[in-house]
Amino acid sequence: MGKRSLEQRLNEGTVVVAEGYLFEMERRGYLQAGSFVPEVALEHPEVLKQVYRDYMNAGSDVVLAFTYNAHREKMRIIGKEHLHEPLNRSAIRLAKEVAKEHPTEEALVAGNISNTNIFDPEDADSAEEVRSIFAEMATWCKEEGVDFINGETFYYHEEAVIALEEIQKQGLPAVVTLGLMGENILRDGYTVEESCKILSEKGALVVGMNCFRGPNTMQPYLKGIRNEVEGYVGGLPIPYRTTEEHPTFFNLPDGGCSCSLPTETTFPTSLDPLYHNRYEIAGWAKEAKDIGINYIGLCCGASPAMIRAVAEAIEYETINSKYSPDMEKHFLFGKDKTLKGHNLNYSKKA
Ligand SMILES: [Zn+2]
């Protein structure tokens, strides 16, 4: 069977997308929290391939090339500007290799550009610098043969527009998702609903939100975007229990922490106790699908088991669904008739 395009898949159903490589690589020990640069694509390609594979086997229809933050400015800050192009190309090539491993239908491969953190709406030169950053990355994506490009985590509308324009110059479909900070408005004054409407009308195939917010504080905005936008909408929250008072993971307190932290915030390395469980995540995914979100996934903090829960919540069987939880044969909690009764009776005291 030939590989369907992103647009075909969106037309036929919901697309599942795993993101969150930055946190996952840091958790596995191959990326430094703070600078957050994906050098792993060059230094440990086998590790990156395995994470791509883990996410795909957990149900992601897309292998997103891990080039988040792999832009010229970040590479300059860590003194490795010369590795900029090889790193980008390697991350995409590895993604393509894994996508081909899919046993039923080859996964889509997406290039990735993201918030540069140098954009300043008051400074026209910064917009030009951002444009040239996106232009070179999008060119490499095109040359390496990605299926589409995901521009993500933009907290300025105007930066998202530049990303969209540079993706379109390469003739590739664009998925553009916004990161909404705790102010509940993009930093240049647009609401996410306004921004998504504009991006969609300018031709982005999918618009929506990713990162910063958990399901609780992203979902109200996804509803608003769904109401405003005629085209496809995407939602990829972080899997943490954000609240109205603390809407993003940047300022999420942990009341149960018993030590002093090296940072003022639980972000980024002390968020573990604040996770949603996979069933809460699955509940959100179902709700997102029900309100008409077309491109559903998770961002920073995601695990393969959570991705699988998302995919199964929207009624997809994944490559690794055969390993999905089934307590039938558990020695304490199982229902299997051949289990030992003295253990089952013991379960309440265990
Ligand atoms: Zn993220």
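Above this text is the structure in question.
Residues numbered from 1 in each chain as written. Predicted model: local features only at pLDDT ≥ 70, side-chain atom pairs only at ≥ 80, totals over all residues. Heavy atoms only, no water.

1. Quick word on unusual backbone geometry
Keep this limit in mind: Strands are runs of DSSP state E lasting at least 2 residues, helices are runs of H or I lasting at least 4, and numbering of each runs from the N terminus. Think of it in three bands: with a 1.4 Å probe and only protein chains considered, a residue is buried below 20% of the maximum accessible area for its type, exposed above 50%, and partly exposed in between.
With an omega of 0°, the peptide bond running from phenylalanine 267 to proline 268 counts as cis. Positioned with a positive phi, glutamate 315 is a non-glycine residue whose angle comes to about 70°. In this structure, glutamate 315 sits in the loop between helix 12 (304–313) and helix 13 (341–344). Assessed through its relative accessible area of 65%, glutamate 315 is described here as exposed.

2. Quick word on the packing of helix 7 (residues 124–144) against helix 8 (residues 157–169)
What counts, and what does not: Only the contacting stretch of a helix is used when fitting its axis, a line to C-alpha atoms as for every element, and angles between N-to-C directions run 0 to 180 degrees. Handedness of each helix crossing follows the sense of rotation of the near helix against the far helix: counterclockwise by less than a right angle gives left-handed, clockwise gives right-handed. By the convention used here, residues are in contact when the closest approach between their heavy atoms is within 4.5 Å.
Packing of helix 7 against helix 8 leaves a shortest axis separation of 9 Å and a crossing angle of 35°. In the packing of helix 7 onto helix 8, the handedness of the crossing is right-handed. In this structure, helix 7 uses Ala127, Val130, Arg131, Phe134, Ala135 and Ala138 to contact helix 8, whose residues at the interface are Glu159, Ile162, Ala163, Glu165, Glu166 and Lys169.

3. A closer look at the coordination of the zinc ion
The condition is simple: Water is not part of the atom set, so a site may look incomplete; the donors themselves are N, O and S atoms within 2.8 Å of the metal, or 3.2 Å for Na, K and Ca.
Those protein atoms acting as donors to the zinc ion are Cys211 (SG), Cys299 (SG) and Cys300 (SG), and they sit at 2.1 to 2.3 Å. A relative accessible area of 3% means that cysteine 299 is categorised as buried.

4. As for the side chain of glutamate 144
Relative to the helices and strands, glutamate 144 resides in helix 7. When residues no more than four places from it in sequence are discounted, the contact partners of glutamate 144 are Arg89, Ile92, Arg93 and Lys96.

5. Quick word on the pairing of strand 7 (residues 232–236)
Just so we agree on the cut-off: When DSSP finds two or more bridges between a pair of strands, those strands are recorded as paired. If the strands point away from the viewer and the path from the first strand over the helix to the second runs clockwise, then the crossover is right-handed.
Counting buried positions along strand 7 yields five of five residues, so the element is predominantly enclosed. Of the two faces of strand 7, both are covered, the one formed by Tyr232, Gly234 and Leu236 as well as the one formed by Val233 and Gly235. Of the pairings in the sheet, the one linking strand 6 (residues 206–210) to strand 7 comprises five bridges and is parallel in character. Within the sheet, the bridge partner assigned to valine 207 lies in strand 7 and is valine 233. In this fold, strand 6 hands off to helix 10 (residues 215–228), which returns the chain to strand 7; that crossover is right-handed.

6. Looking at the pairing of strand 3 (residues 108–114)
Looking along a regular strand, one sees the side chains alternate between the two faces of the sheet. Most of strand 3 is tucked away, with seven of its seven residues classed as buried. Burial along strand 3 is two-sided: Leu108, Ala110, Asn112 and Ser114 facing one way and Val109, Gly111 and Ile113 facing the other are all buried. The pairing of strand 2 (residues 62–64) with strand 3 spans three bridges and is parallel. In the strand pairing of strand 3, valine 62 is matched with leucine 108. As paired strands, strand 3 and strand 4 (residues 148–154) are joined by five bridges and run parallel to one another. Counted as the bridge partner of serine 114 is glutamate 152 from strand 4. Considered for its hand, the β-α-β crossover made up of strand 3, helix 7 and strand 4 is right-handed.

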